[in-house]
Amino acid sequence: MKITFRGVRGSIAVPGEKTVRTGGNTSCIEVRTDTGELLILDAGTGIFALSQTLFGQLPLTMHLFITHTHWDHIQGLPFLLPTFIPGNTIHIYGAFDPVKNATIQETLGRQWEYIYFPVREAELAANLHFHTLREGQTVTTASASVTGVLMNHPVINLGYRIESNGRSLFFTGDHEPAYNFYAPADPEYASYERLLAQRHAQQLELIRGVDVLIADTSYTSEDLPSKRGWGHGSYGTSLALARDAGVKHLFFTHHEPTRSDDALQTVFEAVKAEHEASGNPFELHLACENASFSW
């Protein structure tokens, strides 16, 4: 299996001289199985650069899995160039929206409304197939299986486990470890604590033992107290998740948009040194745009 990061920033794209090494595009990960099958995780602005690499592979079939529909994870979708080309088959997957009672097609389709984008969904030349997912549902492609579990974010967010030919990865999408907002003396505290433990166990069950964990790591430990409830993780929470799940490699992604390349590298080197001193066996990686990893 091979992954290539096409977008590693969170919240908003930040191109410029301070982000040129790590990358300024928002969330998008290219996944290739051993047979060359193409799976894509999220459709942030990075999906445009990915789509420009695909012309030599036409006609193609791809499977695009959307973790959630916040803007930084879907805003590149109208610029996915294979959608304009006849003969391509594109499967798009995402969670049912219980608030709007909407399928993934109904949710994403608004981007192709004429007031937002000049090419409407009905005018796209490729064969588009939308698949609305429920938690725990497994999708089987030609060479992979993909299963989603609900993570903790202010909108429905599915983390995805991908398995293919004995290899595996998990992508959290946006995730903040849930916390008990009741005071310990509150009568609801204990029951909510049990609910949180059950949810965490469900997440761990799907993540456990993967070769590669790609985790939302927007904040430092110093940032986190003032960002509580925003729905994002930190280096510390990602390390804890990787340790508890027994993974082999941990990639930090969804970088805070105001953090420059130099600042990111400084934070990463400090975290890496502390991690190596702790004796934890898994390896750490800072996700960088256009960087690939194979296993």
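Structure shown above.
Each chain has its residues counted from 1, running along the sequence as written. Only residues with pLDDT of at least 70 get local features here, since the model is predicted, and only at 80 or more are side-chain atom pairs given and counted; chain-wide, interface and lining totals rely on the full set of residues. Working from all heavy atoms in the structure, the side-chain values ignore hydrogens and water.

Moving on, we get to the side chain of His63. The helix count covers DSSP runs of H or I at least four residues long, the strand count covers runs of E at least two residues long, and both are numbered beginning at the N terminus. Among the secondary structure elements, His63 is positioned in strand S4 (residues 61–65). Only protein chains enter the accessibility calculation, which uses a 1.4 Å probe. A residue is then buried if its area is under 20% of the maximum for its type, exposed if over 50%, and partly exposed in between. Taking relative accessible area as the criterion, His63 reaches 8% and is therefore assigned buried. Side chain to side chain, His63 and Tyr93 meet in a polar contact 2.8 Å long. Any two residues whose heavy atoms approach within 4.5 Å are treated as being in contact. Not counting chain neighbours up to four residues away, the residues in contact with His63 comprise Glu37, Leu38, Leu39, Ile40, His91, Tyr93 and Thr141. Pairing of N or O atoms within 3.5 Å defines a polar contact, subject to two protein rules: one partner must be a possible hydrogen donor and the other a possible acceptor, and residues neighboring in sequence count only if both atoms are side-chain atoms.

The next point concerns the sheet that holds strand S14 (residues 292–294). Consider a sheet: its strands pair through backbone hydrogen bonds, and that pairing is either parallel or antiparallel. Strand pairing follows a simple DSSP-based rule, namely that at least 2 bridges must link the two strands. Sheet architecture is open: seven strands sit in the order S6-S5-S4-S3-S2-S1-S14, paired in mixed fashion. Here the strands that pair on one side only, and so sit at the sheet edges, are strand S6 (127–133) and S14. When strand polarity is set aside, the average angle formed by the axes of neighbouring strands in this sheet is 20°. Pairing analysis gives seven bridges linking strand S5 (residues 89–95) to S6, with the strands arranged parallel. If you follow Tyr93 over to S6, its bridge partner there is His131. Angles here are taken between N-to-C directions and fall from 0 to 180 degrees, while the axes themselves are lines fitted to C-alpha atoms, restricted in helices to the stretch in contact.

That bond from Leu58 to Pro59 is cis: its omega, -10°, falls within 30 degrees of zero. Mapped onto the fold, Pro59 is located in the loop between helix H1 (46–51) and S4.

This part covers the sheet that holds strand S10 (residues 167–171). With respect to topology, seven strands assemble into an open sheet ordered S7-S8-S9-S10-S11-S12-S13, the strand pairing being mixed. A strand with exactly one partner marks an edge of an open sheet, and here the two such strands are strand S7 (138–140) and strand S13 (283–286). Averaged over all pairs of adjacent strands, the angle between their axes in this sheet comes to 20°, without regard to strand direction. Bridging between strand S11 (residues 212–216) and strand S12 (residues 249–253) involves five bridges; their strand directions are parallel.

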